[in-house]
Amino acid sequence: MSFHDGSITTFLGLQLLLLFFCFLSPASFSDAIPSTLDGPFTPVTITLDTSLRGKAVDLPDTDPRVQRYVTGFQPEQISLALSSNYDSIWVSWITGEFQIVMNVKPLDPTSIASIVQFGTLGDSLIHTATGSSLVYNQLYPFEGLLNYTSGIIHHVRITGLQPSTVYYYRCGDPSHGMSKIHHFKTMPVSSPTSYPSRIAIVGDTGLTYNTTATISHLVQNSPDLVLLVGDVSYANLYLTNGTSSDCYSCNFSNTPIHETYQPRWDYWGRFMENLTSTVPLMVVEGNHELELQAGNKTFEAYSSRFAFPYVESGSTSKFYYSFNAGGIHFVMLGAYIDFDRSGEQYEWLKMDLAKFNRSVTPWLVVTWHPPWYSTYTAHYKEAECMKVAMEELLYSYGTDIVFNGHVHAYERSNRVYNYQLDPCGPVHIVIGDGGNREKMAIEHTDEPGKCPDPLSTPDAAMGGQFCPSNSTTTGAFCWDQQPPYSALRESSFGHGILEMKNATWALWTWHRNQDTNSQVGDQIYIVRQPDLCPPQNVTT
């Protein structure tokens, strides 16, 4: 055999070996960690430790971590977001100061250029990309209320990037000042053998001292990507004069409109910049982002401050989009926009899933804000109409994992579909425990006297309709014990880390704020079984 023939044989052998490891069970990582193959698991409730409620108090505007550290039109609140694939990324930042006064005078977004200089060497940023800019207003046409106008918000999409590559960049306008040099690493190429090392999942953050503990703990886990499953700044717990409450409706029920204090968004962006200027942040809207203002405008801060790959993923709305991160296809859905089967979002979802290719991205992970499977009294079955409209479609395409927030606690399900244990259903994970000031959810609907009135559960922000469904074996609205689909629930603040080991095994770890990095609150291998659960032909 010639050397050339031997090289071919060796190459083919390596390819077969790589394919073997792609689907190999990673039991050698830790035999003590359970997997979904061991389930379904007997439901477990970790009782509340009241000493661990932390400090659910917002950071004041005097905290150095939220104060403006630049002058003039230098960039601040720098953040990254992925595009639909590894070869492009969004860079966003703000220049100029916000105003919160009776009569605002918006800045001219065309007065400052939107420029990113970048390259693979920190001392040689030889490439340049330009983008667009905007300002947004939050206006209240009522006597005594203050109005807000933002600084100039810039969004630039960098294209032509290589996979798994570190790039250095700075942003701004050379005439007014550029940022310091930051860096990011692109996602790996989409394939069954390449994945980001760690993906952090967090929800319902706000900006309390609990939040700072969550983010500090998250940063120590060195994620390559962060998913924020809604409810960001909680600016809508404030009046326009900066007065706030843990419960707006309890203390400010007589205001002519639900007010907000928009500077909380700027504080949040400043606090998060050390993370978001290096690690891409993908956000989906929550109910606290609604923020009604004059002209019935809503979601202005959310839609303006973040970059979303909605155009790249074929969507017409910033409320729903998709993207790839290595061998994972992420779908971000909007719960506070039309989700009916006759609506645009549902049609887009069908299109996106039809293009989804398991041979390129084996994993399908879907995210939206309010959960379908939660046993806490807070927001119980609030998203039932969305579940009725969309669950069958997501199930038919073999969704592997679902992440939600909204409920300020942690809960992981067994594999479930239509309230029944199903080995082909996704694992639903509620992780709305990022630390916000509304504190933790602690009561469960299966506790005596805790089942809510069914007609009290619909959310007006989701259409306000009641969609009856049989979720229990008796047909009752609530279970009289922890339901079989609920594997583990605990009221603690924290965040999660998702690690895809190969095309069929993923390690999920939930970290509680009170634990050290070496401790975990929950850990399990989520295992795909494509032979057992092939995607169905979809005609819906």
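Residues numbered from 1 in each chain as written. Predicted model: local features only at pLDDT ≥ 70, side-chain atom pairs only at ≥ 80, totals over all residues. Heavy atoms only, no water.

Trainee: Please explain the overall build of the protein chain as it appears in this structure.
Mentor: Secondary structure assignment for the protein chain yields seven helices and 28 strands. Looking at the 540 residues of the protein chain, the share that counts as buried comes to 56%. Put simply, the protein chain shows about 21500 Å² of open surface, and 53% of that area lies on carbon and sulfur atoms. (Helix = DSSP H or I, 4+ residues; strand = E, 2+ residues; numbered from the N terminus. Buried < 20%, exposed > 50% of the residue type's maximum accessible area, 1.4 Å probe, protein only. Areas by Shrake-Rupley, 256 points an atom, 1.4 Å probe, with all protein chains shown as cover.)

Trainee: Explanation requested: the side chain of His511 in the structure shown.
Mentor: Counting through the fold element by element, His511 comes out in strand 27 (residues 505–512). Beyond its immediate sequence surroundings of up to four residues, His511 is in contact with His217, Asn221, Phe493, Gly494, His495, Ile497, Asn517, Gln519 and Val520. (Contact = heavy atoms within 4.5 Å.)

Trainee: Before we go on, may I ask you to explain the packing of aromatic side chains in this structure?
Mentor: Tallied over the full model, the rule gives 29 aromatic pairs. Here a set of aromatic residues connected by ring pairs shows up, and it is made of Trp265, Trp268, Phe299, Tyr302, Phe306, Phe308, Phe319, Tyr321, Phe323 and Phe330. Positioned above the aromatic ring of Trp363 is the side chain of Arg528, whose terminal nitrogen or guanidinium carbon lies 5.8 Å from the ring centre. (Phe/Tyr/Trp six-rings, centres within 6.5 Å; stacked < 30°, edge-to-face > 60°. Lys NZ or Arg CZ within 6 Å of the ring centre and 35° of its normal.)

Trainee: Before we go on, may I ask you to explain the confidence of the model for the protein chain in this structure?
Mentor: The predicted structure's coordinates, where accompanied by low pLDDT, should not be read in detail. Taken residue by residue, the protein chain gives an average pLDDT of 92. The fraction at 70 or more is 92%. Overall, residues 1–21 carries pLDDT values under 50, and its contacts beyond four positions in sequence, including any with other chains, amount to four contacts. (pLDDT = per-residue confidence, 0-100.)

Trainee: Can you walk me through the pairing of strand 20 (residues 401–404) in this structure?
Mentor: Each regular strand displays side chains that alternate between the two surfaces of the sheet. Residues Ile401 and Phe403 of strand 20 are buried on one face, and the alternating residues Val402 and Asn404, pointing to the opposite face, are buried as well. Here three bridges tie strand 19 (residues 363–367) to strand 20, and the two strands are oriented parallel to one another. Bridge assignment links Val366 to a residue of strand 20, and that residue is Val402. For the segment spanning strand 19, helix 7 (residues 384–396) and strand 20, crossover handedness is right-handed. Pairing of strand 20 with strand 24 (residues 427–431), which is carried by four bridges, proceeds in the parallel orientation. Along strand 24, the bridge assignment pairs Phe403 with Ile429. (Pairing = 2+ DSSP bridges. Right-handed = clockwise from strand over helix to strand, strands pointing away.)

Trainee: Help me understand the layout of surface pockets, please; the structure alone is not making it clear to me.
Mentor: In this approach the atoms are scanned with a rolling probe the size of a water molecule, which exposes any empty space left behind. When its volume is computed, the largest pocket comes out at roughly 500 Å³. What lines the largest pocket is a set of 20 residues, among which Asn236, Tyr248, His258, Asn287 and His288 lie closest to the centre. If you add up the space inside the second largest pocket, you get close to 290 Å³. Lining the second largest pocket we find 16 residues, and of these Tyr69, Lys180, His182, Glu273 and Asn274 sit closest to its centre. (1 Å grid on protein atoms, 1.4 Å probe; cavity = no way out; pocket = protein on both sides within 12 Å on 5 of 7 lines; lining within 4 Å. Points joined across faces, edges and corners; volume = space filled by probe spheres on them.)

Trainee: Any chance you could explain the UniProt feature "domain: Calcineurin-like phosphoesterase" (unreviewed entry) in the protein chain here in plain terms?
Mentor: Following the UniProt record, one finds the feature "domain: Calcineurin-like phosphoesterase" (unreviewed entry) at residues 198–410. From the first C-alpha to the last, residues 198–410 spans 20 Å; its make-up is 29% helix and 15% strand. (UniProt positions renumbered as here; feature names shortened; annotations may be inferred.)

Trainee: Just checking my understanding: could you explain the sheet that holds strand 14 (residues 199–202) for this structure?
Mentor: What holds strands together in a sheet is hydrogen bonding between their backbones, with the strands either parallel or antiparallel. Taken together, the six strands give an open sheet; going across it, the order is 16-15-14-26-27-28, and neighbouring strands pair in mixed fashion. Where the open sheet ends on each side, the last strands, each with one partner, are strand 16 (281–283) and strand 28 (522–527). For this sheet, the mean inter-axis angle between neighbouring strands, taken without regard to orientation, is 20°. Relative to strand 27, strand 26 (residues 494–500) is paired through seven bridges, and the arrangement is antiparallel. (Axes fitted to C-alpha atoms, helices over the stretch in contact; angles between N-to-C directions.)

Trainee: Would you mind showing me how to read the environment of Leu333 here?
Mentor: Tracing the backbone through its elements, the reader meets Leu333 in the loop between strand 18 (328–332) and helix 6 (344–355). Spatially, the C-alpha atom of Leu333 lies 20 Å from that of Glu411, the residues being 78 residues apart in sequence.

Trainee: Is there a simple way to think about the pattern of salt bridges in this case?
Mentor: Where charged atoms from two side chains of opposite charge come close, those side chains can pair. Taken as a whole and assessed by the stated rule, the structure comprises 21 salt bridges. Across the salt bridge formed by Arg65 and Asp63, the nearest N and O atoms sit 2.9 Å from each other. Take Arg65: its relative accessible area is 38%, and that puts it in the partly exposed class. For Asp63, a relative accessible area of 9% gives the class buried. The residue Arg412 makes a salt bridge to Asp522 at a minimum N-O spacing of 2.7 Å. With a gap of 110 residues between them, Arg412 in strand 21 (residues 410–413) and Asp522 in strand 28 connect regions that are remote in the sequence. Residue Arg412 is classed as buried on the basis of its relative accessible area, which comes to 8%. Salt bridges sharing common partners tie together Asp58, Asp246, Arg264, Arg437 and Lys439. (Salt bridge = Lys/Arg side-chain N within 4 Å of Asp/Glu carboxyl O.)

Trainee: Teacher, can you tell me more about the packing of helix 6 against helix 7 here?
Mentor: Axes are the key here: two packed helices are described by the angle between their axes and the distance separating the axes. In the contact formed by helix 6 and helix 7, the axes pass within 11 Å of each other and the chain directions differ by 5°. Judged by the angle between their axes, helix 6 and helix 7 are roughly parallel. Across the interface between the two elements, Gln345, Tyr346, Leu349, Lys350 and Leu353 of helix 6 pack against Ala389, Met390, Leu393 and Leu394 of helix 7. A class-by-class count of the residues in the contact of helix 6 with helix 7 yields seven nonpolar, one polar and one charged. (Parallel < 35°, antiparallel > 145°, perpendicular 65-115°, else oblique. Nonpolar A, V, L, I, M, F, W, Y, C, P; charged D, E, K, R; others polar.)

Trainee: Is there a simple way to think about the pairing of strand 27 in this case?
Mentor: Extensive coverage of strand 27 is indicated by the burial of eight of its eight residues. The two faces of strand 27 match: Trp505, Leu507, Thr509 and His511 on one face and Ala506, Trp508, Trp510 and Arg512 on the other face are all buried. Between strand 26 and strand 27, which follow one another and run antiparallel, lie four residues. Sheet analysis places strand 27 next to strand 28, joined by six bridges and oriented antiparallel.

Trainee: Help me understand the packing of helix 2 (residues 209–220) against helix 4 (residues 263–276), please; the structure alone is not making it clear to me.
Mentor: Packing of helix 2 against helix 4 leaves a shortest axis separation of 11 Å and a crossing angle of 10°. Considering the angle they form, helix 2 stands roughly parallel to helix 4. Contacts from Thr212, Ile215, Leu218 and Val219 in helix 2 reach Phe271, Met272 and Leu275 in helix 4. Its residues placed into classes, the contact of helix 2 with helix 4 shows six nonpolar, one polar and no charged.

Trainee: Explanation requested: the sheet that holds strand 25 (residues 486–490) in the structure shown.
Mentor: Strand order in the open sheet made by the eight strands is 1-25-21-24-20-19-18-17, with mixed pairing throughout. One side of each edge strand has no neighbouring strand; the edge strands of this open sheet are strand 1 (44–46) and strand 17 (321–325). Across the sheet, the axes of successive neighbouring strands diverge by a mean angle of 15°, strand direction being ignored. Bridge count for strand 18 against strand 19 is five bridges, and the pairing is parallel. Residue pairing for strand 19: Phe330 is matched across the bridge by Val365. Strands strand 17, strand 18 and strand 19 of the sheet are contacted by helix 6, whose axis makes an angle of about 180° with strand 18.

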